[in-house]
Structures are given as structure tokens and as C-alpha cells.
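These are the residues of each chain, in order.
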Amino acid sequence: MQRVSTLILAVLLFACTAMAVIPQKETNPVYLNPNAPLEERVEDALSRMNLDEKIAIIHAQSKFSSPGVARLGIPGLWCTDGPHGIRAEVKWDEWDQAGWTNDSCFAFPTLTCLAATWNPEMALLYGQSISEEALYRNKNVLLGPGVNIYRTPLNGRNFEYMGEDPCLSATMVVPYVQGVQDNGVAVCVKHFALNNQEDGRHVVNVTLSDRALYEIYLPAFEAAVKQGKAWSIMGAYNRIWGQYACHNHRLLVDILRGEWGFDGAVISDWGGVSNTDEAIHNGLDLEFGSWTDGLTEGRSNSYDAYYLAEPYKEKIKKGEVSTKELDDKVRNVLRLIFRTSMNPNRGFGALNSIEHILAGRMIADEGIVLLKNDPVGKGKQAQAVLPISKEVKTILVVGENAIKQMTVGGGSSSLKAQYEISPLAGITRRANENHMSVTYVRGYVGDIGGEYNGVSTGQDLRDERSAAELTAEAVAAAKQADVVLFIGGLNKADHQDAEGCDRLQYGLPYGQDELISSLAAANKNLAVVILSGNAYAMPWLAQTPALIHAWFNGSETGNALADILFGSVNPSGHLPFTIFPTLEDYPSHQYGAAAYPGINNEVEYKEDLFVGYRYADLYGTKKPIKYTSDGREYTINPPKHKPLFAFGHGLSYTTFRITKAALDGRNVKVTIENTGKVAGKQVVQLYVAPRKSNAVRPKKELKAFAKVELKPGESKEISLQLTDEMFRYFDAEQHAWVTDKGTYDICIGTSSDDLPAQLEYIVK
Ligand code: BGC
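Residues numbered from 1 in each chain as written. Predicted model: local features only at pLDDT ≥ 70, side-chain atom pairs only at ≥ 80, totals over all residues. Heavy atoms only, no water.

1. Let's talk about helix α17 (residues 557–565)
In terms of burial, α17 is largely enclosed, as 9 of its 9 residues are buried. Of all the residues in α17, the buried ones are Thr557, Gly558, Asn559, Ala560, Leu561, Ala562, Asp563, Ile564 and Leu565. (Buried < 20%, exposed > 50% of the residue type's maximum accessible area, 1.4 Å probe, protein only. Helix = DSSP H or I, 4+ residues; strand = E, 2+ residues; numbered from the N terminus.)

See below:
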């Protein structure tokens, strides 16, 4: 008995000594407590980190990941492109795909299509759905959405953005951000800022007035930060006022953090950092993809050579810089980690689920724009080609884009989609259900490639026949068909809709213009369908009765297009940009190379505020507008042509009429009626037009919109609220938003060139 108690005493004594010697792990340190206030967790974690850990956490450890703090049990960040689906895995430090077999995804429509829905509910759905895919693939930071303004139709990356208007893109980006982040995945809003062209994107220096900056180019970013509460933002490649965007003091310190109160992390674009001192002091938090020696060759440890890695540490050790900036960066990164990879509410997500498929389909259905749909024939017999009538027996489909897989290519947004329904497949299935036959002929050969970073479509699109042979075949077939569907446009090859280079021409490539004209001459029942993220010349417009702009719609491309062509869905997409007849009609192309693509890498936004419809609205003005802004002279010559299709334009298979519009205080009440025979959705758009102003201002600007669904004969009243912000403009001298007193017209309609209802509002 005595032996036993001695033994127990010895064990207890050992345990007590051991407890005194071995440091005890805290059971619940503040930083690990998800219920503790975020800032307390951040400060607690920061206080426990040593210099090496702090340096490690602010730069990449691989192409798309950054480390956490393993010693403290803080996981790292895994980023993914974005913005239309979850990119395939790449090798640890190379762009080539890793060759996994479990890294595919659902491909959502491109962001131009989302913008064309003019429906914030679709943006929320998009965000929620894509973040579930990110969760499933274990990603914390989605590299998107992109909200750079559509300044020139030559920009190869316009398809990834949300169009030309700050109000439209700001309104659409907020629910996207919220949808993504509700699931504990961060957005990384890109490319901040003024990344409006791909040619020379790594070097161009953008100069513009503060008014254009604040009124046109920043609002969508500001909305994403202030209303959407974006957790991260991506610095652009280009320079602004001579300094690279990724470490641009004015953009990141003064505006983003100072004026907007951003508390997230600034992430560099991949390879966008080029200077340690600027990166330290000018607001960058996380460095990715730098082109240090050897990195592009895949040499290991190159990450230590990043601007915010060893070079930064050396400066701290030598006492050249304090650790103040470092601690701020670490705080921002920790905040991002706690919000994402350590977010206890993250679910497991889902990949290619039926919900995602339906979401993608709905977004595409709502984004496809019916640009033109004139009746064919005369008198009572006259009938529009679309939707394809039940009487039709034979359909001819012509064009490469009817069969080309488009989810692969285009740059960083390239995807390895689990499936992609081509237009031809979607049309054929629907036609067969309706007892119609479909014939396909190629018509033209465009881009036969189908590979990006080792992901391949597996398609063999070679066709050695001459253009004359292909056209002859198409024309002969067109003569036999009841209806001809031409499906062409751009693709994701270089110099089309693709990252890294701009388009070479405004017109459609590969001889499509001539082919469309020949088809129109062969069969009057022609519908032209263009897949593209950009505008294009349409020399054949008068010859075709029907025209659809169908974007790049990802996995559900063909099904959504068939919905519109066969009328199971009534089109309700509206253009998020203006389509002018020629390149020279675009405001950014009025001033020669100085305004685009730049001279000696200097690009000056000489069109200033007059982007898109703001410029088109000057049509008919007799004299040029001349003014000075920020000490710079501006001359805006009125456009020579009207747009072919105005910003906000989009037709339906039914007709609508605004029957009432009235002001009730600051509440604009609009009644709209479906006057046709089928149900449909319409976008009510509200523009504010100052009658007089102390400053030069665009004639009108979009300030609010709403999408409504109406049964045939149904009327609905919608309310749009006027706010102070809708009347103001940016005064660069005072560096403040100002509002002129006086009378404003409130113009309401369904396109920027169709605003039948006008109300008067007086700002006192
Ligand atoms: C692009 C970004 C992209 C990043 C990572 C860059 O080249 O500009 O948009 O997110 O690469 O792929």
C-alpha cells in the first residue's frame, strides 16, 4: 500500500516538474478564437510572429499560394483565377497545368454577359455559385471580378469586365462581391486601376484628369470596396502618373485606404511589382508572380528574391526601414486569412452542381442581347426570323464559332470546364425536339488552336479548303434551308478576345464580313449570331434582318443560345457598351496614338469624361467642346456617326411601353406595361441630365435601373430612388464632389437612346 502511494506521489511530482519546464500550449489563444473580435485576433497573432514569419506571409510561396504561419497553426492562402470559373491547377512555380484529373469546373458566362443582364440578382447568384466552386477546389481568394472600364473596343480583355458605364459596373459588382464573400471566399477586385488596354500593359503610363478618374474609372472599384466590402484588391500592371499601380502611393494609400477606408489586402498582379522601396511604403501587402531571376524557369527558392522577401528583410536588418509598414502589411494579410482560410463558416462547396448549371444558364439567358429583329417579307406575311417559327423544317448553321470550344484560351481566365455545350449542339438538340433538321457547314476557318497552359479542347479544327470553296459550300447550303444561322465573331486566340494583346482591327476577322453578305444574298431568313466580348464593325448590318450578340457563355453556351433562338426564353439582355460603326468613331480613337495605344508608352486619356454614350450623346453638336481640367486642355470633337447600337439597347420578342412616370418627393415611380403577346423582362433605365452646369458635363448619365418581369398585358410600377450622389460631379480643384443647384431632367426609358419619359427635378 505504501509502495503504491509512493509511486503516485512520484508520478505527481514528475508531472508538476514537467509542467514547470515544458512550455504549456494555450488552450484557446485569442487569434484562434473565431468569436473574438477580428482586430483582437489580428493583433494577437501579429504579436506572436517573428521577423521571418512576417516576411514570409507577405509574398508568394508558389505561383498561386502564400504561406501562413505553420508554427501558429495559421493556414496560408490559395488564390485562383477567376473570374468566370476556377482555373485548373498549375505546377508549383510554373504556369503549366499540373495535369490533375480532378481540377475541372463549371464555366460561367463571361462578365460582359453578366453586365448585359442588368440584373443585380444575377450578379449575386453568380458570386454565390462561383464561390461554391472555389470552396470545393479549396481556394480562398478568387482573382476577380474585373471592373476596368470599356474604353476602346480593341482591348483584348474587355470580355472580362463589365462595360463602359460606372453606374452599371458599380451596381453589378457589389452583389457579385457579396455573393462570393458570404461563403468565406475573398474576391480580389481587379485591375486597380486604369488597366484599359493589353498592348503595353506592363509599361504604359496613364495620364488622365482627376474628374475622369473619379467619375468614370474608379466608381466600380469604390463600390466594391465601400458597399461590397471587398476583402482584397489587385494592383494593375500599368503605371499611373509615372508610378506602377501595384505600388502607387496615390491610388493605394491616399485613395483606397485613405478615402475609402479599405481594410483588406492589396495583392499585386502576377509580376506587377518592380521596386522594394515603393512596395514597402506605397500600400502593397502581398506580392505574387514576380519575375525575379530564374523564376520563370521554375528555379526553386526564387520566391526569396521577391521584392518583399529577402531584399525587404535586409533593409529592416540594416535599419533602413522600421517594421511599422511590415506590421501593417501583416495585419492586412492576417485579416484576409481570418476572413477566408480560417473562416469557420466556410462550407465544402460544390462543383458543377445542378444549381451552378442552372445559374450559368439563367445568367446567359438574361445576358444575350437581341440587337435587331426586323420582319422579313411584306404586308401581313411579314415575319421576324426570330424566334425560329414552328413552321421551319430545315436550319443551316454556318460558322466556326458554332463548334469551337471557347472556355479554353483568352489568358488567365482560361478554364478546364467539365463540359461545354457548343452552339451547334444546343441548336441541334432543340431543333430535333421540334422535328427540324440541322445542317452544319464551316463557312470560314479562323483559329484552329485549342490549347492553353497545357489544357486542350481536344478539337481538331483543321480544314484545308480555300475561303472560296468554304463560301461556295455555305451559299449553296443556304439556298436550300428555311433558316440560316451564322455563328461567328471573335474567339480567345491572341489579338481577339484575349489577355496580353489587343485586337488588330475593329472588323470581324477571317473574312466573316464577306461571308455574311453572301449568306444574306442567298437566303433572306438569316440570323447573325456573334460570340464576342467586344464591339465590331457591321458592314452587313442592313442585309441581315436578325442579329444577336451572344458573348462567351461558358459551359451552357449552346443551351442558352438555343433558349433565345427558339424562344423558350425571351431575350432581355441590354448592351453594356456602345457599338459605333467604325473604330474612328470611338472617343479614345480620336486623338491618334497619343490616346491609344500611346507614344513611347505614354497614354493620355484625351477624351476625358466622354467615354461611350457620353460621347455618342454629342452627335449633332456643332462645335467642339473645349475646356481645361487639372490644368490640361481638352478638345472634344463631336462624333461623325451615331452609334449602330446605343448603350443599354436590347430587344425582346414582346413590346413594352412606359405608361406613367411621376416624382413623389425623391421617389421616381415608373409604370411599365408589356404590350405584346409573350412574357418578358425589361430594363427600366434612369439617366440624370443637368440643364445647366458650372462645369462641362456629359449630357446625361445613367444613375439607376431595374429589371422587371411582365406577363402579356401586365403593368407594374417600379420605384427608383433619387439620391444626392446622382447629381454631383467631381471638382478637382477642391478635390471634392460638388452639386450645382438648378433643374435636372430625369430621363427614363429602356435604352440610352430611347428615353420617352422625362421628369423635372430641382436641386435647391
Ligand atoms: C492577370 C491577372 C491574373 C493573374 C494570375 C495576370 O497576368 O493580369 O488578371 O489574375 O495573372 O493568373
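2. A look at the packing of helix α7 (residues 210–217) against helix α9 (residues 249–259)
The interhelical angle for the contact between α7 and α9, taken along N-to-C directions, is 55°, at an axis separation of 15 Å. Relative to α9, the element α7 lies oblique. Between α7 and α9 lies a crossing of right-handed hand. Residue-level inspection shows Asp210, Leu213 and Tyr214 of α7 in contact with α9, the latter providing Arg250, Ile255 and Glu259. Grouping the amino acids of the contact of α7 with α9 by side-chain chemistry returns 3 nonpolar, no polar and 3 charged. (Axes fitted to C-alpha atoms, helices over the stretch in contact; angles between N-to-C directions. Parallel < 35°, antiparallel > 145°, perpendicular 65-115°, else oblique. Left-handed = near helix turned anticlockwise from the far one by under 90°. Contact = heavy atoms within 4.5 Å. Nonpolar A, V, L, I, M, F, W, Y, C, P; charged D, E, K, R; others polar.)

3. Comments concerning the pairing of strand β6 (residues 232–235)
Within a regular strand, side chains alternate between the sheet's two faces. Both faces of β6 are covered, namely the face carrying Ser232 and Met234 and the face carrying Ile233 and Gly235. Bridging between strand β4 (residues 186–192) and β6 involves 3 bridges; their strand directions are parallel. Looking across to β6, one finds that Cys188 is bridged to Ser232. Examined bridge by bridge, β6 and strand β9 (residues 265–267) share 3 bridges and lie parallel to one another. The residue of β9 that forms the bridge with Ile233 is Val266. (Pairing = 2+ DSSP bridges.)

4. What about the packing of aromatic side chains?
Summed over the entire model, instances satisfying the criterion amount to 31 aromatic pairs. When the ring of Trp270 is compared with that of Phe288, the centres are 4.5 Å apart and the planes differ by 15°; the resulting orientation is stacked. Taken together, the residues span a long stretch of sequence, with Trp270 in the loop between β9 and α10 (276–281) and Phe288 in the loop between α10 and α11 (310–317) at a distance of 18 residues. For Trp270, a relative accessible area of 3% corresponds to the buried category. Judged by relative accessible area, which is 0%, Phe288 ranks as buried. For the ring pair Phe727 and Tyr744, a centre distance of 4.9 Å and an interplane angle of 75° mean the geometry is edge-to-face. (Phe/Tyr/Trp six-rings, centres within 6.5 Å; stacked < 30°, edge-to-face > 60°.)

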